[in-house]
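Descriptive structure summary
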Amino acid sequence: MEENVVLHMEGIYKTFPGVKALQNVAFTLREGEIHALMGENGAGKSTLIKVLTGVYELDGGSIYLKGHGEIVNKSPQDAQDNGISTVYQEVCLCPNLSVSENIFMGREPRKGGFVDWKKMHEDSRKLLSSLDIDIDVTAAVENYSIAIQQMIAIARAVSTECKVLILDEPTSSLDDSEVEKLFSVMTNLKSKGVGIIFVTHFLEQVYQVCDRITVLRNGQLVGEYPIKDLPRVELVSKMLGKDLDDLAEIKNMRTTKPSEKVIIDADSVKSAKIKEFNINVHKGEVVGLAGLLGSGRSELVRAIYGADKANAGTVTCADKKVRSGNELESMKAGMAYLPEDRKKDGIIPDLSVRENMLIALQVKNGMFKLINKKNQEEFVDEYIKILQIKTASRETPIKSLSGGNQQKVILARWLLTNPEFIILDEPTRGIDIGTKTEIQKLILRFADEGKGVIFISSEIEEMLRTCSRMGIMRDGKKVGELSGEENLNVSSVMKAIAGGEK
Amino acid sequence: MNGDLKSRLGKIVHYKLFLPLFCLFLVLMVNVITTPDFFHVEIRNGVLYGRPVDIINRASELVILAVGMTLVVAASAGTDISVGAVMAVTAAVTTFFLSGGEISVNEYQFPLFPAILLGIGAGALCGAWNGFLVAKMRIQPMVATLILYTAGRGIAQLITKGQITYIRVDSYQYIGNFLPGVPIPTPVFISIAVVILVQLFVKKTAFGLFVESVGVNKEASKHVGLKSVMIIFATYVFCGVLSGIAGIVASSRIYSADANNIGLNLELDAILAVALGGNSLGGGRFSILGSIIGAYTIQALTTTLYAIGVSADQIPVYKAIVVVIIVSLQSPEFQRYVRKFRKKLEAKKAIGEVTA
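Below is a summary of the structure that appears in this document. (Residues numbered from 1 in each chain as written. Chains lettered and ligands numbered in written order. Predicted model: local features only at pLDDT ≥ 70, side-chain atom pairs only at ≥ 80, totals over all residues. Heavy atoms only, no water.)

1. Let's talk about the interface of chain A and chain B
Contact with chain A, which involves 29 residues of that partner, is made by 24 residues of chain B. Carbon and sulfur atoms supply 62% of the area that chain A and chain B bury against each other, a total of about 2200 Å² over both sides. Three residues stand out in chain A for area buried against chain B, namely Glu327, Met367 and Leu370 of chain A, and they jointly supply 23% of the buried area on that side. Close ionic contact of Arg336 of chain B with Glu57 of chain A constitutes a salt bridge, the shortest N to O distance being 4.0 Å. The interface formed by chain A and chain B contains nine residue pairs in polar contact (both at pLDDT 80 or more). Sorting elements by how many residues they give to the side of chain A that touches chain B places helix 12 (residues 353-365) of chain A first, with five residues. Residue classes in the side of chain A that touches chain B are distributed as 16 nonpolar, four polar and nine charged. (Contact = heavy atoms within 4.5 Å. Buried area = accessible area lost by both parts, 1.4 Å probe. Salt bridge = Lys/Arg side-chain N within 4 Å of Asp/Glu carboxyl O. Polar contact = N/O pair within 3.5 Å; in protein donor to acceptor, adjacent residues only side chain to side chain. Helix = DSSP H or I, 4+ residues; strand = E, 2+ residues; numbered from the N terminus. Nonpolar A, V, L, I, M, F, W, Y, C, P; charged D, E, K, R; others polar.)

2. Describing empty space enclosed by the protein
All names here are of chain A. Going through the model one piece at a time under the given rule, you end up with four cavities of 30 Å³ or more. What lines the largest cavity is simply Ser172, Phe202, Glu426, Thr428, Arg429, Gly430, Lys436, Ser457, Ser458 and Glu459. Across the lining of the largest cavity, the residue classes break down as one nonpolar, five polar and four charged. (1 Å grid on protein atoms, 1.4 Å probe; cavity = no way out; pocket = protein on both sides within 12 Å on 5 of 7 lines; lining within 4 Å. Points joined across faces, edges and corners; volume = space filled by probe spheres on them.)

3. Details of the packing of aromatic side chains
One pass over the structure, following the stated rule, counts 14 aromatic pairs over all chains. For the pair Phe368 of chain A and Phe201 of chain B, a centre-to-centre distance of 6.3 Å together with 50° between the ring planes defines the contact as tilted. Residue Phe368 of chain A is located in the loop between helix 12 and helix 13 (373-386), and its partner Phe201 of chain B is located in helix 9 (residues 186-204); the two belong to separate chains. Centre to centre, the rings of Phe96 of chain B and Phe97 of chain B are 5.7 Å apart; their planes meet at 75°, and the pair counts as edge-to-face. Taken together, the ring pairs connect Phe368 of chain A together with Phe201, Phe207 and Phe238 of chain B into an aromatic cluster. (Phe/Tyr/Trp six-rings, centres within 6.5 Å; stacked < 30°, edge-to-face > 60°.)

4. Some points on a positive patch on the surface
Taken together, the side chains of Lys74 of chain A together with Arg339, Lys340, Arg342, Lys343, Lys344 and Lys348 of chain B make up a positively charged region of the molecular surface. Inspection of the secondary structure assignment puts Lys74 of chain A in the loop between strand 5 (69-71) and helix 2 (76-81). On the accessibility criterion, Lys74 of chain A (64% relative accessible area) is exposed. (Patch = residues over 30% accessible without salt bridge, like charges linked within 9 Å, V, L, I, M, F, W, Y side chains within 5 Å. Areas by Shrake-Rupley, 256 points an atom, 1.4 Å probe, with all protein chains shown as cover. Lys, Arg positive; Asp, Glu negative; His and termini not counted. Charge placed at Lys NZ, Arg CZ, Asp CG, Glu CD. Buried < 20%, exposed > 50% of the residue type's maximum accessible area, 1.4 Å probe, protein only.)

5. A short note on the nonpolar core
Judged by nonpolar contacts, the single largest core of 162 residues is most densely connected at Ile304 and Met357 of chain A. Among the elements that make up this core, the one with the highest residue count is helix 4 (residues 60-76) of chain B (12 residues). Ala147, Met151, Ala153 and Ile196 of chain A belong to the second-largest nonpolar core, a separate cluster that totals 53 residues. (Core = buried A, V, L, I, M, F, W, Y, C linked by side-chain atoms within 4.5 Å.)

6. Describing the packing of helix 13 (residues 266-276) of chain B against helix 14 (residues 288-308) of chain B
Residue and element names in this part refer to chain B. Where helix 13 contacts helix 14, the two axes come as close as 7 Å, and the packing angle between them is 120°. Taken as axis vectors, helix 13 and helix 14 run oblique relative to one another. The hand of the helix 13/helix 14 crossing is right-handed. Touching Asp269, Leu272, Ala273, Val274 and Leu276 of helix 13 are Gly290, Ser291, Gly294, Ala295, Thr297 and Ile298, all from helix 14. Among the residues forming the contact of helix 13 with helix 14, the class breakdown is six nonpolar, four polar and one charged. (Axes fitted to C-alpha atoms, helices over the stretch in contact; angles between N-to-C directions. Parallel < 35°, antiparallel > 145°, perpendicular 65-115°, else oblique. Left-handed = near helix turned anticlockwise from the far one by under 90°.)

7. Re the sheet that holds strand 21 (residues 469-474) of chain A
Residue and element names in this part refer to chain A. Pairing within the open sheet is mixed, and its six strands lie in the order 18-19-20-15-21-22. Two strands in the sheet have a free side with no partner beyond their single neighbour: strand 18 (335-338) and strand 22 (477-483). On average, each strand axis in the sheet is inclined to that of its neighbour by 20°, with strand direction left out of account. As paired elements, strand 19 (residues 421-425) and strand 20 (residues 452-456) share five bridges and run parallel to each other. Bridging across to strand 20, Asp425 finds its partner in Ile456. Along the sheet face, helix 14 (residues 403-415) touches strand 18 and strand 19 and points at about 170° away from the line of strand 18. (Pairing = 2+ DSSP bridges.)

8. Focus: the sheet that holds strand 11 (residues 212-217) of chain A
Residue and element names in this part refer to chain A. Taken in spatial order, the six strands make up an open sheet running 6-9-10-3-11-12, and their pairing is mixed. Of all strands in the sheet, those with a lone pairing partner are strand 6 (84-87) and strand 12 (220-226), marking the two edges. Each adjacent strand pair in this sheet contributes to an overall mean axis angle of 20°, direction not counted. Packing of helix 5 (residues 146-159) onto the sheet brings it into contact with strand 6 and strand 9 (164-168), and relative to strand 6 it is tilted by some 180°.

And the structure:
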């Protein structure tokens, strides 16, 4: 074995009922290396990480850690004690505890047997300021945005003396400048000899910071490559197991033009979280919302759908005025809303794929009109096929699906209600390229069917490929709109977001 | 052939109600060993007589309560600890109307059916109050229902003026005892009817799905248009109505309203029944059948202990011991041990085969 190997896994097997999640997977991490773990949704990345950190029990194989020999992590705490820290894709903090309590949970600094609160707050503040974050560390975590929460989770992970740091999709809720900060922290740790496992879907980021890539596909190892030996196109084709059709061609897939008829019209709407705005969407039109995190993108669509009650203005959907704050009415008027936070607002974890998919339609139909069993099964099977959802069966609890597949189920949930107008808030976050392309194609298909769409994404390119008009958001306010071929490009959108040339 | 049997056995073992059923079976087995004539049933004076009949009969109120409790737990991730007190309120209201305010009557002062409906209505009102506090005011279920838990019996005492109201009319006793010419106790029919009706309502409408959805993720349920306040409220009203029915049965058994003793400590058994049935007290997924099995298990246990000759005041201790065993049997940690043990056995067997 090489000298500087800090972590070595071999012959890893893990099976869930009906799914072989990992088969004979090997993985090697060296000191002072940033190692990307790549693969599509359901390829086994998260499972491999969870096996490593003791969340799941191994079915077979062994894990070697430098200085410890062969180890068995029975729990994340074991892993932590062995020097393996993890930041998960979904934020895993205790929302009602303070920031410093979250950071130092289980290893609070003590003085005379009691928790030394002063030192704890002080250390937390220092730690966060090293990540360029200046917040009140005594406030409860739930007061902060997902992005900040993610940074807190990262701060917690790097604050422990770790030899191996696992970052499982840490950047999916961060904006560009935050990603930069994270990268500088990563490079810093790397120079101290920490081995970092980096799981992400963003190819850019992989090529920006990583030294090596391990690719998984369908629970099997495809291979390990030094970054310079694996150009992007090859990486993608290795992940997919086929050659990818060019993303850029998507835009030309539109067969129809947006109609003159307005499907949704929000007039002087404002809520507690967003300043007054106007926006309309025509039938067959895809409107994007561009802005930094926290610029009010999500809050704007929540006010339209009624997830947050608007305290002024009117929303009209298909010429019908919709009472605000009543989501059932919005639904019945033909709206659909795919929320940003899939875990909190989207999935109903313990319920099956079938129930998760049918719930919206069932609510729309009313409690006493239960969709009969046969129709239920037909609907669900159809959408599992159309969206290629990877699930053991339609009765599998949605929580055991991978993130991307969960998202597809939520998407199917809304498609089943046959909406006139769809709000998609970050539908592609944490999803692999293949599925991203599928979702983008799907968005264009909705538009061709005459539906109106509002599409929010942190990736401007993705919106440029699908949208014919873009609303610009800045500091909790809609500040303008861009349309026309000549204005819809990355640089002009960036400029608009930033507020001019300055 | 052998393999086929094995896979079928495997299926049975993995059936989600297997463990609750297995526990009930265990309790009954203990009886068979200690009291060989336990399952002996005969007809005496034209009615069925025997321990099994006694268990099924005595469990009726608990079964009815457990059904309501299951829904409350599923939707609100909390328990309604006022059900026993609500039983007392219902009994007091019904007997108050039947007796016209007297302490003891030999004939109805008010028609029977409207009086029963009024009693159940009082139960519904109690449920609505609990539901209002939990769903609308967002008070923790245990705290919210603690109010009626303590005040309920007081209200019942107020209605009965602190006396035990006796209704010495035969037809009132039919509900809790026997209908003329029918060998099976009436509470058995009532509990079966309640179970079937609720089960039909839960499965043939989307109510069950909505309750589970709200119980698992309120926020996500809101975004698909579900009104969690209404759904949680409905489960508490349901629970109140069912407590009312249980209260009438209990009152009819003793043809009176004993505000201090009707349904005493039954709320704890009802919660336990839900848990024994394999339901999570954290809300979400539920099985009414599981809770019913739990209810019969508890009653079987109580009857068993009486049969062995344990005195009434010591029963809780023995009950607690058995409950600890049953709950541990069903815990995921114990099941992990079993799986590991089985794997080891298999490995040993494989080695044995190789060396042989």
